[in-house]
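What follows is each chain in one-letter form.
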Amino acid sequence: MTRAQTGLLRTGASFALLEHARNHLASVLVVVYIPLWLTLEHWFVTPAPARFLLRATGRTVTVSGNHLTMVSGAVNTVTLIVGFMMFITTFKSLAFDRRLAFAGYPRTFLLLSKVIAMTVASALIAGYATAVICWYWDPVRPGLLAVGLFTAAVAYGGIGVLLGAFLRNELAALFVIIMASLLDTMLQNPMSNTGADKDGLQLLPGYGPTQVSVAAGFTSTDTPYGHLLLGPLWFLLMWGLGTAAFFARTRNHLRLPRSARPARRLT
């Protein structure tokens with residue numbers, strides 16, 4: 001990559017991060033919603049033992065119910081917030097990105113800058129949620145827990161990009177993200193779903209991150225390395241579809257005037 005290309009990518013990432021920082025609703029959700037939601041779960045969810053199936057290792061672990069729900073709630077909050085953030089930045093910047101692309105700014109760098117900004121935001125939000133959890137109890141491996149939450153965030157970041165490329169209504173997108181995140185986490189939590197050990201949950205975007213986060217919170221030896229890739233794989237799939245839509249919408253459809261078109265050769 002040349003110095004000029006590096007400068008373009010750095011500039012695009014800086015503006016994408018600035019756009020996230022200006023999203024006041026997302027900032028409020030991070031600062032207020034995450035600790036409020038986890039605090040309510042700590043106070044009001046029963047600490048009765050709950051059995052959680054770690055499919056990654058093929059065994060069932062018995063854990064505290066409210067601690068398990070806090071892990072599930074952390075997955076829910078980071079996926080909701082990052083998914084919403086990526087939808088907003090994709091939705092609101094599409095017209096401006098189209099103008100930049102028409103002016104010659106490489107579309108690949110526009111997309112990569114958004115990925116860089118999303119990665120930074122996801123890491124910060126996952127670290128913050130992990131710190132809130134550690135305020136109430138001591139997860140066995142907080143570092144791995146933060147990684148699990150990070151993979152959940154990037155999975156829904158990809159979903160946000162896809163929704164931003166197709167939906168033209170903010171309320172509809174927010175509803176889709178909220179419902180998807182809630183159903184994803186509730187179906188996998190045995191405290192809210194007695195059938196959380198049934199097959200089929202592996203198809204959910206938050207399945208891999210939840211398995212990793214629970215293993216990190218309650219076990220010292222089980223490390224589902226393969227499941228660490230499921231969240232990023234979901235991101236790549238959603239981002240690929242969103243990228244195809246972005247390239248289609250930023251294609252230059254302007255027709256050259258007749259005088260500027262190349263002359264047809266006579267044979």
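Every value quoted in this text rests on a predicted model; they were computed, and no experiment measured them.

Asks: Explanation requested: the side chain of Asn193 in the structure shown.
Replies: Along the polypeptide, Asn193 turns up in the loop between helix H6 (170–188) and helix H7 (207–218). Of note is the side chain of Asn193, whose polar atom sits 3.0 Å from the backbone nitrogen of Gly195. Look past the residues within four positions of Asn193 in its chain and what remains in contact with it is Met186 and Leu187.

Asks: How should I be thinking about the UniProt feature "transmembrane region" (unreviewed entry) in the protein chain in this particular structure?
Replies: UniProt records the feature "transmembrane region" (unreviewed entry) for residues 25–45, 65–88, 109–137, 143–164, 171–188 and 228–248 in the present numbering. The distance from the first to the last C-alpha atom of residues 25–45 is 27 Å, and the span holds 95% helix and 0% strand.

Asks: Any chance you could explain the nonpolar core here in plain terms?
Replies: Counting residues in each nonpolar core, the largest one holds 43 residues, and the members touching the most others are Ile34, Leu38, Val78, Ile81, Ile125 and Leu149. For this core, the secondary structure elements donating two or more residues are helix H2 (24–44), strand E1 (49–54), strand E2 (59–64), helix H3 (65–102), helix H4 (107–136), helix H5 (142–166) and H7. With eleven residues, H3 is the single largest residue contributor to this core. Setting aside residues up to four positions removed in sequence, Leu149 forms contacts with Ala74, Val75, Val78, Ala126, Ala129, Thr130 and Ser213. Listed in part, the twelve residues of the second largest apolar core include Phe84, Ile88, Leu162 and Leu163.

Asks: Whenever I open this one, a nonpolar patch on the surface confuses me. Can you help?
Replies: Side chains of Val28, Val31, Val32, Leu36, Leu40, Trp43, Phe44 and Tyr128 sit close together on the surface and give an oily, nonpolar patch of about 810 Å² of accessible area. Considering every element that reaches the nonpolar patch, the biggest residue donor is H2, with seven residues. Position of Val31 relative to the elements: it lies in helix H2.

Asks: When you look at empty space enclosed by the protein in this model, what are you seeing that I'm missing?
Replies: Once rolled over the atoms, a probe with the size of a water molecule shows which space is left empty. The full count for this structure, using the stated rule, is three cavities of 30 Å³ or more. Here the largest cavity defines a volume of roughly 80 Å³. Forming the walls of the largest cavity are Thr90, Ser93, Leu94, Asp97, Leu111, Lys114, Val161, Ala165, Gly242, Thr243 and Phe246. Those elements that place two or more of their residues in the lining of the largest cavity are H3, H4, H5 and helix H8 (230–249). Looking at which element gives the most residues to the lining of the largest cavity, the answer is H3, with four residues. Partitioning the lining of the largest cavity into residue classes produces five nonpolar, four polar and two charged. In this structure, the second largest cavity occupies an estimated 60 Å³ of space. Lining the second largest cavity, in full, are Phe52, Leu68, Val71, Ser72, Val75, Thr185, Gln188, Asn189, Thr210 and Val214. Elements that contribute at least two residues to the lining of the second largest cavity include exactly H3, H6 and H7. A total of four residues in the lining of the second largest cavity trace back to one element, the largest contributor, which is H3. When the residues that make up the lining of the second largest cavity are grouped by side-chain class, the tally is five nonpolar, five polar and no charged.

Asks: What should I look at first to understand the side chain of Asn23 in this one?
Replies: Within the element layout of this structure, Asn23 appears in the loop between helix H1 (3–21) and H2. On the basis of relative accessibility, which here comes to 11%, the residue Asn23 falls in the buried class. Excluding its chain neighbours within four sequence positions, the residues that come into contact with Asn23 are Phe84, Met85 and Ile88.

Quick notes on the rules
Sequence positions are assigned chain by chain, starting from 1 and proceeding in written order. Selection of residues for local features in this predicted model requires a pLDDT of at least 70, selection of side-chain atom pairs for listing and counting requires 80 or more, and totals for whole chains, interfaces and linings are taken over all residues. Computation of side-chain values covers all heavy atoms of the structure but excludes hydrogens and water. Here a helix means four or more residues in a row that DSSP labels H or I, a strand means two or more in a row labelled E, and each is numbered from the N terminus. Side-chain atoms alone can form a polar contact between residues adjacent in sequence; in general such a contact is a pair of N or O atoms within 3.5 Å, and within protein one must be able to donate a hydrogen while the other accepts it. The contact criterion used is simple: two residues touch if any of their non-hydrogen atoms lie within 4.5 Å. UniProt positions are given in the numbering used here, feature names are shortened, and annotations may be inferred rather than shown by experiment. To define a nonpolar core, start from buried Ala, Val, Leu, Ile, Met, Phe, Trp, Tyr and Cys residues and group those joined through side-chain atoms within 4.5 Å. Think of it in three bands: residues with accessible area under 20% of the maximum for their type are buried, residues over 50% are exposed, and the middle band is partly exposed, with areas taken using a 1.4 Å probe on protein chains only. Each patch is assembled from residues with relative accessible area greater than 30% and no salt bridge, linking like charges that lie within 9 Å and nonpolar side chains (Val, Leu, Ile, Met, Phe, Trp, Tyr) that lie within 5 Å. Where accessible areas are quoted, they stem from the Shrake-Rupley method and a 1.4 Å probe; at the residue level, only the protein chains shown are allowed to cover. Salt bridges are defined as contacts in which a side-chain nitrogen from Lys or Arg sits within 4 Å of a carboxyl oxygen from Asp or Glu. A 1.4 Å probe that fits into a set of points on a 1 Å grid over the protein atoms alone but cannot get out defines a cavity; an open set with protein on both sides within 12 Å along at least five of seven lines defines a pocket, and lining residues are those with an atom within 4 Å of a point. Grid points are joined across faces, edges and corners, and a volume is the space filled by probe spheres set on the points. Following the grouping adopted for this structure description, the nonpolar residues are Ala, Val, Leu, Ile, Met, Phe, Trp, Tyr, Cys and Pro, the charged ones are Asp, Glu, Lys and Arg, and the polar ones are all others, Gly among them.

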